[in-house]
Amino acid sequence: MQVTETNTAIREETARVFFAIWPDAAAQRRLAELAERLEAVCDGRKVRAENIHLTLVFLGEVSIDRLDALCQAANEVQGTGVRAFNFAVEEVSYWKHNRIAYAGTAKAPQGLLDLVDALQSALSAAGFAFDRQASYIPHITLVRRARCPALPELAGPVVWPVHEWVLVKSEQANGRSVYLPIGRWSLV
Ligand code: 2AM
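Counting restarts for each chain: residues are numbered from 1 in the order of the written sequence. The predicted origin of the model limits local features to residues at a pLDDT of at least 70 and limits the giving and counting of side-chain atom pairs to 80 or more, whereas totals for whole chains, interfaces and linings rest on all residues. Note: side-chain values were computed over all heavy atoms of the structure, leaving out hydrogens and water.

Caption draft 1: Looking closely at the overall build of the chain. When helices and strands are counted, the chain shows three helices and 12 strands. Only C-alpha atoms enter the radius of gyration; for comparison, a globular chain is expected to reach 2.2 Å times N to the power 0.38, where N is the number of residues. Against the globule reference of 16 Å for 188 residues, the chain gives a C-alpha radius of gyration of 18 Å, in line with a compact fold. When the 188 residues of the chain are sorted by exposure, 41% land in the buried category. Throughout, a residue-residue contact means that at least one pair of heavy atoms, one from each residue, lies within 4.5 Å. When contacts within the chain are restricted to residue pairs at least 6 apart in sequence, those whose partners lie at least 24 apart make up 76%. Just so you have it, the chain exposes about 10,600 Å², and 48% of that area is on carbon and sulfur atoms. Charge convention: Lys and Arg are scored as positive, Asp and Glu as negative, and His as well as the terminal groups of each chain are ignored. Lysine's charge is taken at NZ, arginine's at CZ, aspartate's at CG and glutamate's at CD. Positive and negative charge centroids in the chain, built from 20 and 21 side chains respectively, lie 7 Å apart. Only runs of H or I of at least four residues qualify as helices and only runs of E of at least two qualify as strands under DSSP, and these elements are numbered from the N terminus. Throughout, exposure labels follow a simple rule: accessible area from a 1.4 Å probe, protein chains only, divided by the maximum for the residue type, with under 20% read as buried, over 50% as exposed, and the rest as partly exposed. Working definition of accessibility: Shrake-Rupley area with a 1.4 Å probe, residue cover restricted to the visible protein chains.

Caption draft 2: Summary view of the site of the ligand. A single heavy atom is enough: if one lies within 4 Å of a molecule or strand, its residue is considered near that molecule or strand. Near the ligand the following residues occur: Phe18, His53, Thr55, Phe58, Ile100, His139, Thr141, Arg144 and Tyr179. What qualifies as a polar contact is a pair of N or O atoms within 3.5 Å, subject to a donor-acceptor requirement within protein and to the restriction that residues adjacent in sequence count only when both atoms come from side chains. Histidine 139 places a side-chain nitrogen or oxygen 2.7 Å from an oxygen atom of the ligand. A distance of 2.5 Å is found between an oxygen atom of the ligand and a side-chain nitrogen or oxygen belonging to threonine 141. For the ligand, the accessible surface in isolation is 470 Å², of which the surrounding protein chains cover 72%. Elements with a minimum of two residues in the shell around the ligand: strand 5 (54-63) and strand 9 (139-144).

Caption draft 3: The arrangement of the nonpolar core in detail. Ranked by internal contacts, the top residues of the largest apolar core, which has 53 residues, are Phe19, Leu31, Leu56, Ile140, Leu142 and Trp165. Examining the composition of this core, we find that seven residues originate from one element, helix 1 (residues 25-42), more than from any other. Of all hydrophobic cores here, the second largest spans five residues; its members include Phe18, Ala20, Val166 and Val168. Side-chain atoms within 4.5 Å link the members of a nonpolar core, which is a set of buried Ala, Val, Leu, Ile, Met, Phe, Trp, Tyr and Cys residues.

Caption draft 4: Structural detail: the packing of helix 2 (residues 67-79) against helix 3 (residues 110-125). Here helix 2 crosses helix 3 at 135°, and the two axes come no closer than 9 Å. In terms of orientation, helix 2 lies oblique with respect to helix 3. Helix-helix and strand crossings are classified by hand; for helix 2 and helix 3 the assignment is right-handed. Residues Leu70, Ala73 and Val77 of helix 2 lie in contact with helix 3, whose contacting residues are Leu115, Ala118, Leu119, Ala122 and Leu123. Classification used: nonpolar for Ala, Val, Leu, Ile, Met, Phe, Trp, Tyr, Cys and Pro, charged for Asp, Glu, Lys and Arg, polar for all others including Gly. In terms of residue class, the contact of helix 2 with helix 3 is made up of eight nonpolar, no polar and no charged. The axes used here are C-alpha line fits, helices contributing only the stretch in contact, and every angle between their N-to-C directions lies in the interval 0 to 180 degrees. Angular relationships are summarised with four words: roughly parallel below 35 degrees, roughly antiparallel beyond 145, roughly perpendicular across 65 to 115, and oblique for the angles in between. Whether a crossing is left-handed or right-handed is set by the direction in which the near helix is turned from the far one by less than a right angle, anticlockwise for left-handed and clockwise for right-handed.

Caption draft 5: Focus on the packing of aromatic side chains. Aromatic pairs are defined between Phe, Tyr and Trp rings, using the six-membered ring for Trp, whenever the two ring centres lie within 6.5 Å; interplanar angles under 30 degrees are classed as stacked, those over 60 as edge-to-face, and all others as tilted. Summed over the entire model, instances satisfying the criterion amount to six aromatic pairs. Among the aromatic residues, those joined into a cluster by ring pairs are Phe18, Trp22 and Tyr179. A ring is scored as having a charge over it whenever the NZ atom of a lysine or the CZ atom of an arginine sits within 6 Å of its centre and within 35 degrees of its normal. One Lys or Arg, arginine 66, reaches over the ring of phenylalanine 128 and ends 4.2 Å from the middle of that ring.

Caption draft 6: A look at the state of the cysteines. Cysteine sulfurs are considered disulfide-paired once they come within 2.5 Å of each other. One pass over the full model with this rule turns up one disulfide. Here cysteine 42 pairs with cysteine 148 through a disulfide, and the sulfurs are 2.3 Å apart. Around the S-S axis, the bridge from cysteine 42 to cysteine 148 shows a dihedral of about 115° and counts as right-handed. In this pair, cysteine 42 sits in helix 1 while cysteine 148 sits in the loop between strand 9 and strand 10 (158-162), placing the two residues 106 residues apart along the sequence. Note on accessibility: cysteine 42 and cysteine 148 belong to one class, buried.

Caption draft 7: Highlighting the sheet that holds strand 9. Pairing between two strands requires that DSSP report at least two bridges joining them. What the four strands build is an open sheet, ordered 4-9-8-7; its pairing is antiparallel. Both edges of this open sheet fall to strand 4 (45-46) and strand 7 (91-95), since each of them pairs with a single strand only. One ladder, built from four bridges, connects strand 8 (residues 100-104) with strand 9; its direction is antiparallel. Counted as the bridge partner of alanine 103 is isoleucine 140 from strand 9. Helix 1 rests against strand 4, strand 7, strand 8 and strand 9 of the sheet, and its axis sits at about 40° to strand 9.

What follows is the structure in structure tokens.
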């Protein structure tokens, strides 16, 4: 925060941002159906179809003056030629501690782990702070504030080819999260 001569605090302008991948239309439809079934069992509030995503790295509040540097870090990762991969949702699970019902995978694809690793390294080198977990556990939140006495079975895996990742700005509008893509990068 900056302080002027008259001692008036000027709040630095920030954006809440994260890197993520989005399902393609067919996978989005199936995940949205799964969210609906989960909500019926677990109560809580399902994530709207257009908001369903897999987070790669969550940065939280970043100064808008640093967004160019953030995009530059992503450009560098794209330049290293991380390979495209298929992501397969194979499991439905529930975290009691934060009441999240989510879709997950039995084994994270190597391409996804490489992408997360490359992003984390580029972001650290560029001086960005984020929660660097010991091991990245891919999860797609489907229902928040859930209490799941049981979990529905997946009829079969939900698979989609991942060709790109996005930088997303998260805003609140009328009590809802609105995700606005502000950058897009390709896998090879
Ligand atoms: P969640 O679905 O498990 O809450 C937008 O909020 C995205 O960033 C969501 O995927 C959310 O994960 C994730 N996110 C929010 N806060 C986070 C944090 N502190 N650490 C990691 N991911 C976070």
